[in-house]
Amino acid sequence: MADAFANDWQEIVGGEMEKSYFQELKQFLKEEYEQQRVYPPKPLIMNALYTTPYRKTKVVLIGQDPYHGEGQAHGLSFSVRPGVNVPPSLKNIFKELQEDLGHPVPQHGCLQPWAEQGVLLLNTVLTVRAGEPQSHQGKGWETFTNEVIDQLNLREEPVIFLLWGRSAQAKKERIDTSRHAVLESPHPSPFSANRGFFGSRPFSTINTQLESWGMDPIDWELPVTWEEST
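Bear in mind that the values here come from a model prediction, so they are computed numbers and not experimental data.

**Let's talk about the layout of surface pockets**
What the largest pocket holds in volume is close to 620 Å³. If you go around the largest pocket, you meet 32 residues; those closest to its centre are Gln64, Asp65, Tyr67, Ser89 and His187. Where the lining of the largest pocket is concerned, the elements lending two or more residues are strand E2 (59-63), helix H4 (88-101) and helix H7 (166-169). Residue contributions to the lining of the largest pocket peak at 3 residues, all from H7. Taken together, the residues of the lining of the largest pocket break down into 15 nonpolar, 15 polar and 2 charged.

Put into structure tokens, the structure is as follows:
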């Protein structure tokens, strides 16, 4: 994990890394990466912030913690590396995308093209022990990612916060809904998708909102195969 960002997040949240809670988090992670199998790989922990600069962020999609299976996590919420099986929640996201906008369902689960267009794919906890979901909760990541959300909330240009499921919706209290837009629905997990995620049409709703603000919409269509994008 680098101690500096190569974009404007450095001036926005770089100072957090000097605080005592973050120093304790770094020490915890040092030991975890030495003694356990931890995801994502160290260079990809901050991938969401590296890929989507502060001033280019249009949408924030808040997840909980990274996928905990081999080779899945690469620092973007809900996204997996090319060549990895698409997880069930992401399959449901793609089903809703097809229903909403008619885009074909990709054969991969890499959401990097969304991140490059201004969709901040932010987990509230950025690391996890292999096979142990939520194992790095309460170690300091929440303080850091709350600061990311708070700084976006302070921004003059409006942002759309996409809150799927109770964990993400708990962040609504940090958002000034008079200036920013909030879209809420159940989580796309197979356990809850049928309770209101399917049919919520988030992708077209987001683009309508962006256009009403005079912003370019997101091109949500992903290449069917990852090779087509390279």
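**Focus: empty space enclosed by the protein**
Taken as a whole, this structure holds 1 cavity of 30 Å³ or more when the rule is applied. Its boundaries defined by the atoms lining it, the largest cavity holds a volume of some 30 Å³. As for the largest cavity, its lining consists of Ile45, Met46, Asn47, Ala48, Leu49, Gly75, Leu122 and Leu126. The biggest single contributor to the lining of the largest cavity is helix H3 (residues 47-51), with 3 residues.

**Section: unusual backbone geometry**
With the exception of glycine, most residues fall at negative phi, and the peptide bonds are largely trans. Going from Tyr39 to Pro40, the amide bond is cis rather than trans, its omega being -5 degrees. Residue placement: Pro40 occurs in the loop between strand E1 (38-39) and H3. Of note, the phi angle at Arg201 is positive, near 50 degrees, even though the residue is not glycine. Take Arg201: it is sitting in the loop between strand E6 (181-185) and helix H8 (202-212).

What counts, and where the lines are drawn
- Along each chain, residue indices are assigned from 1 in the same order as the chain's sequence is written.
- Owing to the predicted nature of the model, reporting of local features is limited to residues with pLDDT of at least 70; listing and counting of side-chain atom pairs is limited to 80 or more, with chain, interface and lining totals taken over all residues.
- No hydrogens and no water enter the side-chain calculation; it runs on all heavy atoms of the structure.
- Cavities and pockets are found on a 1 Å grid laid over the protein atoms alone: a cavity is a set of points where a 1.4 Å probe fits but cannot escape, a pocket is an open set with protein on both sides within 12 Å along at least five of seven lines, and a lining residue has an atom within 4 Å of such a point.
- Grid points are joined across faces, edges and corners, and a volume is the space filled by probe spheres set on the points.
- In this text, helices come from DSSP runs of H or I with a minimum length of four residues, and strands from runs of E with a minimum of two, each type numbered from the N-terminal end.
- Ten residues, namely Ala, Val, Leu, Ile, Met, Phe, Trp, Tyr, Cys and Pro, are considered nonpolar, four, namely Asp, Glu, Lys and Arg, are considered charged, and the remaining ones, Gly among them, are considered polar.

Note that all results are geometric; they support no functional claim without further evidence.
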